[in-house]
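The chain contents come next:
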Amino acid sequence: MSRLRIKRIAGAVCAVIILTAGAAPFLWAGTDRVIPGVRINGTPAGGMSREELETLMHEKNEELKTDVLAVKSADGVIDEAWKFSDFSVHYKGDEIDKALKAGRDGNIAKIWYDRWHALIMGDAVHWMASYDDGALGNKVKALASEYGKPPVNAEPSFHGDGSVTFSGGRPYLKFDEKALLADAGRILSNGTSGEADVSVLDEKKPDLTEKEAKEVNVVLGRYTTEFGIDGSRDKNIEIAAKSIKGIYVKPGESFSYNQATGARSKENGYQEAPVIINGKLEPGIGGGVCQVSTTLFNAALLSGLEITQRANHYSPIHYAPIGRDATVAEGIIDFAFHNDLKHGVYLYSDYTPGSVTIYILGNREDKPSYVDISTDKNDVIPNKTKTKIDPSQKENKKTDEGHDGRHVVVTQNVKWADGRTYHDTFYSDYDPVDTVITYKSESDRKADEDKAKSEGNDKTE
């Protein structure tokens, strides 16, 4: 065979190879199928028809329902998991056209290159997911609203052995809502579980830090008082109890009841209810708050805390033992204690209609091993009977019963397992209230005295 003929045959073969190479990408991919080498969101899809792509999309939409959007702040305070299904994340049908158009856009040279590149190197087509941006916006707003409130301490859980654990709690946080929306939207659109960062702009932590909460692990003291059902007084007790709930008093710090409960005003929700004034019940704003201060006083006694301010009522009250009450008056009389224990104490109140319980929580090391609250003296201070004339009254005789007074001494004795001791004494002077008999006239008074004398003589006989 001549060299010329060999060259011609070789040239023809080369031409066939070139023509085949040029035409192959067009032969391998039909107009209604995905070109070879294409992967859709990681799944091989070369040669798939529209119907097969619809099946693939259905499968991936089902997978999206289990995906999760993690929402976290750098300090870990916000750490939430939002389900993709909450935002109706899904792939829409027009994404199928994106897969079918791969390797079909541009001039012949570009198409040829794209198809060979897909066949040899692989080509990635990414379906973008759609989602309910309104639902996402509402979720972000709800999160901002939740953390945009004043900080709240963790809530304690009480256990049968007297131990306490804390969970929950929330600081005040202000974060960049627009940035979170954009970051979360990017992840949802990407169609893959991911983490959206919460960019915190401002933060105020609760009084009780996570470390401090771990140190509060036991009930140091608790006390319950009961009361009759009275709408206004009940409401005042509830407001006062809630106002001291969650207060954390660090070692070396002091607690003021008046400061914690605030002004006893209608603006703060307090209502008009009976208060004791000069031994008599009279209407006044905030009646009932003394029951909470008295309950707290007794819980503090049992906890071994140092009481720095305390005053008794004008007369003994029915909801606590005599000498163990603590009255308060806004701007005049306060109840206060100082925390001289080794760890902080946490105040917790439990109000129910008819009763209020105050817990003082602290560290096991500060729990007293022995507490004795004794009444060392309870002397009677006799009252007197007085008479007066009031011509304006309708009755011939009216009697306002008084009562004897009391001089009471209560002693607090506390011991701890490590040898510490504490003693305090509380003096209570309850003034006697005179019995007052009012007559309409002097003759009525004299007639009543003569009758009493006559009855006395009859009894003597």
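As shown above, the structure is provided for reference.
Summary of the structure given here.

**Overview of the overall build of the chain**
And then number 1: Along its length, the chain carries 11 helices and 25 strands.
And then number 2: Of the contacts made within the chain by residues no fewer than 6 positions apart, 73% connect residues no fewer than 24 positions apart.
And then number 3: Accessible area of the chain: about 25000 Å², with a carbon and sulfur share of 51%.

**A closer look at the layout of surface pockets**
It is the rolling of a water-molecule-sized probe over the atoms that shows where space remains empty.
And then number 1: Here the second largest pocket defines a volume of roughly 460 Å³.
And then number 2: Gly 168, Pro 206, Leu 208, Thr 209 and Glu 210 are, among the 21 residues lining the second largest pocket, the residues nearest its centre.
And then number 3: Within the residue set of the lining of the second largest pocket, elements represented by two or more residues are β7 (164–167) and α7 (210–215).
And then number 4: Per element, the largest residue contribution to the lining of the second largest pocket is 3 residues, and it comes from α7.
And then number 5: Of the residues that constitute the lining of the second largest pocket, the class distribution is 9 nonpolar, 6 polar and 6 charged.

**Points about the pattern of salt bridges**
And then number 1: Applying the stated rule across the entire model yields 17 salt bridges.
And then number 2: Among the ionic pairs, Arg 33 bridges to Glu 52, the shortest N-O distance being 3.5 Å. Here Arg 33 is found in the loop between α1 (3–28) and β1 (38–40), whereas its partner Glu 52 is found in helix α2 (residues 50–64), with 19 residues between them in sequence.
And then number 3: Under the relative-accessibility criterion, Glu 52 is labelled partly exposed at 38%.
And then number 4: Ionic pairing is found between Lys 235 and Glu 238, a salt bridge with its closest N-O pair at 3.8 Å. Placement of the pair is Lys 235 and Glu 238 together in helix α8 (residues 231–244), with a separation of 3 residues, close to one helical turn.
And then number 5: You can call Glu 238 buried: its relative accessible area is 18%.
And then number 6: Among the charged side chains, a salt-bridge network with shared partners connects Lys 342, Glu 365, Asp 366, Asp 418 and Arg 420.

**A word on helix α5 (residues 133–147)**
And then number 1: The terminal C-alpha atoms of α5 lie 21 Å apart, and with 15 residues this matches the ideal 21 Å at 1.5 Å per residue to within 8%.
And then number 2: For α5, the complete set of buried residues consists of Leu 136, Gly 137, Val 140, Leu 143, Ala 144 and Tyr 147. Angularly, the buried residues of α5 cover 125° about the axis, an arc narrow enough to put them on a single face. Facing away from the buried side of α5, by more than 90 degrees, are the exposed residues Asn 138 and Lys 141.
And then number 3: For α5, the secondary structure elements touched by its buried residues are β3 (68–73), β4 (79–83), β8 (172–175) and α6 (177–190).
And then number 4: Its side-chain oxygen placed 3.0 Å from the backbone nitrogen of Gly 134, Asp 132 serves as the N-cap of α5.

**With respect to the nonpolar core**
And then number 1: Counting 44 residues, the largest nonpolar core has Tyr 257, Leu 296, Phe 335, Phe 337 and Ile 360 as the members making the most contacts within it.
And then number 2: Of all the secondary-structure elements, those providing two or more residues to this core are β11 (218–226), α8, α10 (289–303), β18 (345–352), β19 (355–362), β23 (405–415) and β24 (421–430).
And then number 3: The leading source of residues in this core is α10, at 8 residues.
And then number 4: Every residue in contact with Phe 335, bar those within four places of it in the chain, is listed here: Phe 255, Ser 256, Tyr 257, Ser 293, Leu 296, Phe 297, Ile 307, Gln 309, Arg 310, Ala 326 and Val 328.
And then number 5: With 38 residues, the next largest nonpolar core counts Val 38, Val 71, Leu 100 and Val 140 among its residues.

What counts and what doesn't
- Residues numbered from 1 in each chain as written.
- Predicted model: local features only at pLDDT ≥ 70, side-chain atom pairs only at ≥ 80, totals over all residues.
- Heavy atoms only, no water.
- Helix = DSSP H or I, 4+ residues; strand = E, 2+ residues; numbered from the N terminus.
- Contact = heavy atoms within 4.5 Å.
- Areas by Shrake-Rupley, 256 points an atom, 1.4 Å probe, with all protein chains shown as cover.
- 1 Å grid on protein atoms, 1.4 Å probe; cavity = no way out; pocket = protein on both sides within 12 Å on 5 of 7 lines; lining within 4 Å.
- Points joined across faces, edges and corners; volume = space filled by probe spheres on them.
- Nonpolar A, V, L, I, M, F, W, Y, C, P; charged D, E, K, R; others polar.
- Salt bridge = Lys/Arg side-chain N within 4 Å of Asp/Glu carboxyl O.
- Buried < 20%, exposed > 50% of the residue type's maximum accessible area, 1.4 Å probe, protein only.
- Expected span 1.5 Å × (residues − 1).
- Arc of directions from axis to C-beta.
- Polar contact = N/O pair within 3.5 Å; in protein donor to acceptor, adjacent residues only side chain to side chain.
- Core = buried A, V, L, I, M, F, W, Y, C linked by side-chain atoms within 4.5 Å.

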